[in-house]
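The residues making up each chain are set out below.
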Amino acid sequence: MTKINRREFTKLAGAAAAASTSVGTFAYAQGNKRVVIVGGGAGGATVAHHVKKGAPELDVTLIEVQPKYTTCFFSNLYLGGFRSFQSITHEYTGLEKLGVKVVHDLASDVDTQKRSVTLKGGDELNYDKLVLSPGIDLKYDTIEGYSPDAALVMPHAWQAGAQTQLLRRQLVDMKDGGTVVLAPPPNPFRCPPGPYERASMIAHYLKYHKPASKLIILDPKRKFSKQPLFEEAWQAHYDGIIEVKLTNDIDENRVVRVDANTMEVETKGGERIKASVANIVPAQKAGMIAHQAGCAKGDWCPIDPASFESALVNDVYVLGDASIAAKMPKSGFSANSQAKVVANDIQSKLAGKKRFPARYRNTCWSLVATNDSVKVGASYTAGDKAVDVTSKFISKPGEDAAVRAQTFQESLGWYAGITADMFAKV
Ligand SMILES: Cc1cc2nc3c(=O)[nH]c(=O)nc-3n(C[C@H](O)[C@H](O)[C@H](O)COP(=O)(O)OP(=O)(O)OC[C@H]3O[C@@H](n4cnc5c(N)ncnc54)[C@H](O)[C@@H]3O)c2cc1C
């Protein structure tokens, strides 16, 4: 099995990264082409890094509403006590040093005729190419009683930051003997194995700190990512702690209503559970700005599989969770890989650089217990209509402890590599 370290990650993550050239000090000249990127996460920050690194003459502006970025990836490890919050929170200084203009504001409007983005603070930025990687918005109204206010009591923690800290604090404050309810979202959603890694991490915390407590999963799906691997791990490590209720013919176990005052969670089948901690993750859709720019068809944004240009709007790219990337799951690894292709396409169109054929990769690691990680992944290419799978792999049930420990080490290398790549850390 290949072990990925930080140095090797960039090499592996996408052939298009080869388009990057050396970086020099650069003063903006008038008339330089302008690239505006909305969303400084896995997709957007990586695009900013690679466009600026590969074509320093381009004027690159990254608009990100948050001053710092907390990764959803490894946020479950924080919940389980395996990582500190600080270790999953990153700054934009590396990108700024590279010459990217980082603007902390909300992009509130896009005029695709005028090719401009308006910020909540009032500024307007013109672009030659616009990149949208805004991640997800949550469809609160798909669960009666759920809302941004209710999420302050029953966190979703599906956008990392204050929500993740809230969920962790609730677990720590909970009395032993409590009931934690985890309601995963329906498909498609950000990070298919994420709810089940989260279940593992919460169960791990309960096992060692609140052993009389239990975790009930109320899932609106019949099956889920890496299911045999998670079920094996739960049996081995958390027997008696986790109870899984998948949906069935009458959709019995889907959460349809919550009450943040009484902490009740109600399923379609009429079961009412009084939760000590309720982690409610509703259905999702592309971030607001992608809809506002006219890039969405339904909840998500169709793209050209060879470039991640919007299929609906000229001179706009949509990548990461907001896009419809067919068989590529909505993951940080996917977004980072797509970003290399987007950056290469922009450089070729605005700076005359060589264009490389699109190649994509993804691997999702999930920590299930101490030194015990499983993974699933694939390589992809651009088909005529969609991103197509060229090869895939998945961990096997019954693997020995040494393999699982090595898989965990790989995930650590990946995390260090992707965050260095996103934020241009040296
Ligand atoms: C619990 C959990 C665990 C996960 N684990 C993994 C994992 O192990 N591996 C993996 O690969 N992926 C994992 N993921 C998925 C991963 O986090 C996402 O797929 C990835 O972050 C998507 O990248 P993105 O660029 O589309 O969105 P994001 O990374 O969310 O970035 C979007 C950014 O845009 C900003 N933004 C949005 N709208 C605006 C606006 N209008 N103006 C300004 N800024 C705006 C947001 O503040 C945000 O910073 C996990 C997700 C969760 C929830």
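Since we're looking at a predicted model, the values are computed, not measured.

Caption draft 1: Highlighting the site of the ligand. For the ligand, the set of nearby residues contains 36 residues, the closest of which are Glu 64, Tyr 69, Ser 133, Arg 190 and Asp 321. For the ligand, whose unbound accessible area comes to 1000 Å², protein coverage reaches 94%. Of all the elements in the fold, those that place two or more residues in the shell around the ligand are α3 (75-80), α8 (288-292) and α9 (332-351). With three residues, α9 is the largest single contributor of residues to the shell around the ligand. For the shell around the ligand, the class distribution of residues is 18 nonpolar, twelve polar and six charged.

Caption draft 2: Spotlight on the sheet that holds strand β7 (residues 116-119). Sheet architecture is open: three strands sit in the order β6-β7-β8, paired in antiparallel fashion. For this open sheet the edge positions go to β6 (107-111) and β8 (124-126), each flanked by a neighbour on one side alone. Taking the axes of each pair of neighbouring strands and ignoring which way they run, one obtains an average angle of 20 degrees across the sheet.

Caption draft 3: Just the packing of helix α2 (residues 44-54) against α9, in detail. Packing of α2 against α9 leaves a shortest axis separation of 8 Å and a crossing angle of 35 degrees. At the point where α2 passes α9, the crossing takes the right-handed sense. Contacts between α2 and α9 involve Thr 46, Val 47, His 50, Val 51 and Gly 54 on the former and, on the latter, Asn 336, Ala 339, Lys 340, Val 342, Ala 343, Ile 346 and Gln 347.

Caption draft 4: Region of the structure containing the environment of Pro 155. Position of Pro 155 among the secondary structure elements: in the loop between β10 (136-138) and α5 (162-173). Counting along the chain gives 173 residues from Pro 155 to Met 328, while the straight-line C-alpha distance between them is 27 Å.

Caption draft 5: Seen up close, α5. With twelve residues, α5 should reach 16 Å at 1.5 Å per residue; the first-to-last C-alpha distance of 16 Å fits that figure. Among the residues of α5, those classed as buried are Gln 163, Thr 164, Leu 166, Leu 167, Arg 168, Gln 170 and Leu 171. On the buried face of α5, the contacting elements are α3, β11 (179-183), α6 (194-209) and β17 (277-280).

Rules used throughout
- Residues numbered from 1 in each chain as written.
- Predicted model: local features only at pLDDT ≥ 70, side-chain atom pairs only at ≥ 80, totals over all residues.
- Heavy atoms only, no water.
- Near = heavy atom within 4 Å.
- Areas by Shrake-Rupley, 256 points an atom, 1.4 Å probe, with all protein chains shown as cover.
- Helix = DSSP H or I, 4+ residues; strand = E, 2+ residues; numbered from the N terminus.
- Nonpolar A, V, L, I, M, F, W, Y, C, P; charged D, E, K, R; others polar.
- Pairing = 2+ DSSP bridges.
- Axes fitted to C-alpha atoms, helices over the stretch in contact; angles between N-to-C directions.
- Left-handed = near helix turned anticlockwise from the far one by under 90°.
- Contact = heavy atoms within 4.5 Å.
- Expected span 1.5 Å × (residues − 1).
- Buried < 20%, exposed > 50% of the residue type's maximum accessible area, 1.4 Å probe, protein only.

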